[in-house]
Amino acid sequence: MKGFIKKDILMMRSNLKILLVLFVLYIVMDFQGNSSLSFFLPVCSVVSMLSTFSYDDYNHWTSYAVTLPNGRRNVVKSKYITTFILLFLMSLCVGVFSSIIYVTKHYAINFSFIFENLFGSIVGALFVLDFMYPMIFKMGIEKARIAIFVGVFSIIILGGILIKYVDVSALSFLFSFFHGYGGILIFIIMMIFLSFLSYQISMLFYRKKEF
Amino acid sequence: MKYALEVKGLGKKYDDFELKDIHFSLPTGMILGFIGENGAGKTTTIKAILNMIQLDSGHIKIFGCDIKKETELAKEEIGVVLDDMFFPEILTPKDINVIMKDIYQNWDQTLFYQYINDFHLPLKQAIKTLSKGMRKKLEIATALSHHPKLLILDEPTAGLDPIARSEVIDLFRDFIQEKDCSILLSSHITTDLEHIADYIIFINEGTMLLSKTCDALLEEYGIVKCKEKEFKQIDKKDKVRFRKNRYEYEILIENKKEFKKKYPSSIIDKITLEDLMIFMLKGEVEK
């Protein structure tokens, strides 16, 4: 499986320049107080991972990979592990540079704020990717993109309807439930469960897929 | 006899195409050539062998292992070149080495670099910058560099110029010299198969039309050219297929020796696999 992970990481080299430009842009925006550097993480991790799927599909790598030892299993497994590696590395970069921004501005470093922002970003990125992967493995990246667009659009419309007709303030107890370190722990457990579920569904689709 | 590959009663049905009862065995140390026109079922058969599609019926064994039960064992022993399926084109040959050494237990980095060198391939250039022929050579180098015992090749010489084709064919010949190595090769370029194949399978519309040794096919089959008067004198059952052109008839015959005995004045031309393919697909059967 190491080979499959290496393949994805080597492919991301082609995005490195644009990622660096975006990273610098986010640093400038964070410095000016217009945005948080942590927003870089969900945006760029999702874009980077999806681009690996696009390249795979374009050259029919997934069909070729099935002919390699443990191909079917490793194609799926490696995408999830590469995602975790990418999120870890990006978190490290964002964490370090967020601290540097604090120091440059002569503020005391607010580790808890940086951690909460980073944590929220990781949860957001993982949620999106865990939701997308089974669809990509089932339909391929092109069709999955359309399905994801329809899904996101439906969620926005439903959200709009919910806000208009339901008293959202009544749901505030839900937010208090997730507050503090207990809430973080609940989120971690939820994300582990979601990733595991997403992986199992992806494997189920991919095991039966014909090329 | 030891077999590298055994295919029995292979069947697969799609909405618009059906593969019916494909059966053959490839003894170790031999080359089996797969011929047929586009859409005949060659690639579907190869996909079935590689477990890329689910079978409706039949059994496939690679080195005695049932591919449904022991797929992964067999894959270490197989080298594959597929039509239009390979690594993402932003990677380089050097990247392929980095990746493959963690995929195959027997990956031989020295051998891979030797092929890259022999084929004059750039090591650090993205695949997308390579010509079609160079890409094909890279695919072949990749397929050979983990010392496989069985090569499964779908159109491996497509896109190569005659010199490169000859180099690749020589490479396959060298490969087969090694102990117990075998090749299943599907190709439109039938002259390549004439040079190296031991067995030929001819497939059309998902059904096997012919399965014989290449030598037997080329020795037993022949073409007789004659005028209409002579054509009518030849027994119907001696004509496998015939084609009528402006001035004469061309008849595909199955047993040259018997035919010569029966019609001593006839002149029998040698046949090529391409002739055979054209006659079998485009020729008429006398009613």
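Look up a bit, the structure's there.
A. Region of interest: the sheet that holds strand β6 (residues 78-81) of chain B. All names here are of chain B. Read across the open sheet, the six strands follow the order β6-β7-β8-β3-β9-β10; overall the sheet is mixed. For this open sheet the edge positions go to β6 and β10 (207-213), each flanked by a neighbour on one side alone. The average undirected angle you get between the axes of adjacent strands in this sheet is 15°. Inspection of the sheet shows strand β7 (residues 150-154) paired to strand β8 (residues 182-186) by five bridges, in the parallel sense. Considered in β8, the bridge of Ile152 is made with Leu184. Along the sheet, helix α11 (residues 273-282) makes contact with β3 (31-35), β9 (199-204) and β10, crossing β9 at roughly 30°.

B. Representation of the interface of chain B and chain A within the structure. Facing the 29 residues of chain B at the interface are 30 residues of chain A. In this assembly, chain B packs against chain A so that about 2600 Å² is buried in total across both faces, 61% of it on carbon and sulfur atoms. The interface formed by chain B and chain A includes four salt bridges. Residue Asp102 of chain B is joined to Lys2 of chain A by a salt bridge in which the shortest nitrogen-to-oxygen separation is 4.0 Å. For the pair chain B and chain A, the number of links is 11 residue pairs in polar contact (both at pLDDT 80 or more).

C. Region of interest: the packing of helix α3 (residues 93-100) of chain B against helix α4 (residues 109-118) of chain B. Residue and element names in this part refer to chain B. At a minimum axis distance of 11 Å, the contact between α3 and α4 shows a crossing angle of 160°. Of the possible angle classes, the one that applies to α3 and α4 is roughly antiparallel. The two elements α3 and α4 cross, and the hand of that crossing is right-handed. Contacts from Pro93, Lys94, Ile96 and Asn97 in α3 reach Gln109, Phe112, Tyr113 and Ile116 in α4. A class-by-class count of the residues in the contact of α3 with α4 yields five nonpolar, two polar and one charged.

The rules we used
- Residues numbered from 1 in each chain as written.
- Chains lettered and ligands numbered in written order.
- Predicted model: local features only at pLDDT ≥ 70, side-chain atom pairs only at ≥ 80, totals over all residues.
- Heavy atoms only, no water.
- Pairing = 2+ DSSP bridges.
- Helix = DSSP H or I, 4+ residues; strand = E, 2+ residues; numbered from the N terminus.
- Axes fitted to C-alpha atoms, helices over the stretch in contact; angles between N-to-C directions.
- Contact = heavy atoms within 4.5 Å.
- Buried area = accessible area lost by both parts, 1.4 Å probe.
- Salt bridge = Lys/Arg side-chain N within 4 Å of Asp/Glu carboxyl O.
- Polar contact = N/O pair within 3.5 Å; in protein donor to acceptor, adjacent residues only side chain to side chain.
- Parallel < 35°, antiparallel > 145°, perpendicular 65-115°, else oblique.
- Left-handed = near helix turned anticlockwise from the far one by under 90°.
- Nonpolar A, V, L, I, M, F, W, Y, C, P; charged D, E, K, R; others polar.

Such coordinate-based values are descriptive only and should not be taken to indicate function.
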